[in-house]
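Residue strings, one per chain:
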Amino acid sequence: MSTGVLYIDGASHGNPGPSACAFALLAESGGEVSHGAWYLGDATNNIAAYMALIWGMQNALASGFTAVDVRCDSQLVALQMGGALKVKTADLVPLYRKASDLAGRFESFSITRIRRAENHALNELACEALDERSHSGSYAVPLDAGQDTLFQVRDEAESPGESVFSPDASFLYKGGYYELTIKSRFEQITPTGDPVTWSVEARVSSEELDAQGRVISLGTMQQMLADVIDGLDGADLSRQEPFDALPATMEHLARVVFWRLDPALPPRVQLDEVGIWSSAIGAKIVYRP
């Protein structure tokens, strides 16, 4: 079984607005097989990401791969293609069906969500195609121009006369993502016996809301952050892992809080950064992976 590693990305200015998609197909050894970027016209980020997935898988099949391992920074696409999230937006249904059909042609299909920072180069490629309203790359299969009917942002259902979006609710389907910042405090006693209080901020984001229309329950998020902080004894921090081997600086505290908080979050919520603020010195440190 020959496995291709497929990186995909979609970009949209305005969401919906002018958009483009890009892919990079690698062999398991890490060598590039093909790549491409294509201007799509008006679409959302999610539509552009699906188009990148479809185009990338078409190139993987044309290149003879019998298995594909997809890497993307779109949480929605990763969850929907992984079967963890239903496709509810009418504009994404035909794209999801097309992508699922292509995925079924491989002996093995997997998709993994990566952080935006890991997909920076591909995002730049997509943005370049978007800005220049063009396409580029060394691909085996060009993007099918006939697919533009799949991703036009529309106001009616596939069945004539059946309304999908009401004028008052159409804003719910314009893509984008949500951010939430939670704050707490960490108090510690320094080796000299002086008390120090730092403000701890955790910022999370999500493309999907829960059943109550929230990124995450505010109380739940606050409790998660409090549990992480409570697990650090500020009165004797230097005797606890990993601070028995690391200086108890704002930088190290931000990193430790991040990696202890991140596994507690639900899959659809991404922890973007943890910041530590000291009012005593008027400075803030931010850790991002």
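This text follows the structure it describes.
Residues numbered from 1 in each chain as written. Predicted model: local features only at pLDDT ≥ 70, side-chain atom pairs only at ≥ 80, totals over all residues. Heavy atoms only, no water.

K.L.:
What's the story with the nonpolar core in this structure? I'm lost.
P.N.:
Nonpolar side chains in soluble globular proteins generally cluster together in the buried interior. Core analysis: the biggest nonpolar cluster contains 35 residues, and Tyr50 and Leu53 have the highest contact counts within it. Elements supplying a minimum of two residues to this core: β1 (3-12), β2 (17-27), β3 (32-43), α1 (45-62), β4 (67-72), α2 (75-81) and α3 (93-103). It is α1 that contributes the most residues to this core, 11 residues altogether. Aside from chain neighbours lying at most four places away, what touches leucine 53 is Leu6, Ile8, Val70, Val77, Met81 and Ala99. Ranked by size, the runner-up nonpolar core spans 27 residues in total, among them Leu180, Val257, Leu261 and Val274. (Core = buried A, V, L, I, M, F, W, Y, C linked by side-chain atoms within 4.5 Å. Buried < 20%, exposed > 50% of the residue type's maximum accessible area, 1.4 Å probe, protein only. Helix = DSSP H or I, 4+ residues; strand = E, 2+ residues; numbered from the N terminus. Contact = heavy atoms within 4.5 Å.)

K.L.:
Would you explain the sheet that holds strand β6 (residues 135-138) in this entry?
P.N.:
Sheet strands pair via backbone hydrogen bonds, and the direction of the pair is either parallel or antiparallel. What the 6 strands build is an open sheet, ordered β5-β4-β1-β2-β3-β6; its pairing is mixed. Each having just a single partner strand, β5 (108-113) and β6 make up the two edges of the open sheet. On average, adjacent strands in this sheet sit at an angle of 15° to one another, irrespective of strand direction. As paired strands, β4 and β5 are joined by 6 bridges and run parallel to one another. Pairing of valine 68 across the sheet is with phenylalanine 109, part of β5. (Pairing = 2+ DSSP bridges. Axes fitted to C-alpha atoms, helices over the stretch in contact; angles between N-to-C directions.)

K.L.:
Explain the pattern of salt bridges here, please?
P.N.:
Two side chains bearing opposite charge may form a pair once their charged atoms approach each other closely. According to the stated counting rule, one finds 11 salt bridges in the structure shown. With a closest N to O distance of 3.6 Å, glutamate 201 and lysine 183 form a salt bridge. Taken together, the residues glutamate 201 in strand β8 (residues 195-206) and lysine 183 in strand β7 (residues 178-189) connect sequence positions 18 residues apart. With a relative accessible area of 15%, glutamate 201 lands in the buried category. Across the pair glutamate 273 and arginine 288 runs a salt bridge whose closest N-O atoms are separated by 2.7 Å. (Salt bridge = Lys/Arg side-chain N within 4 Å of Asp/Glu carboxyl O.)

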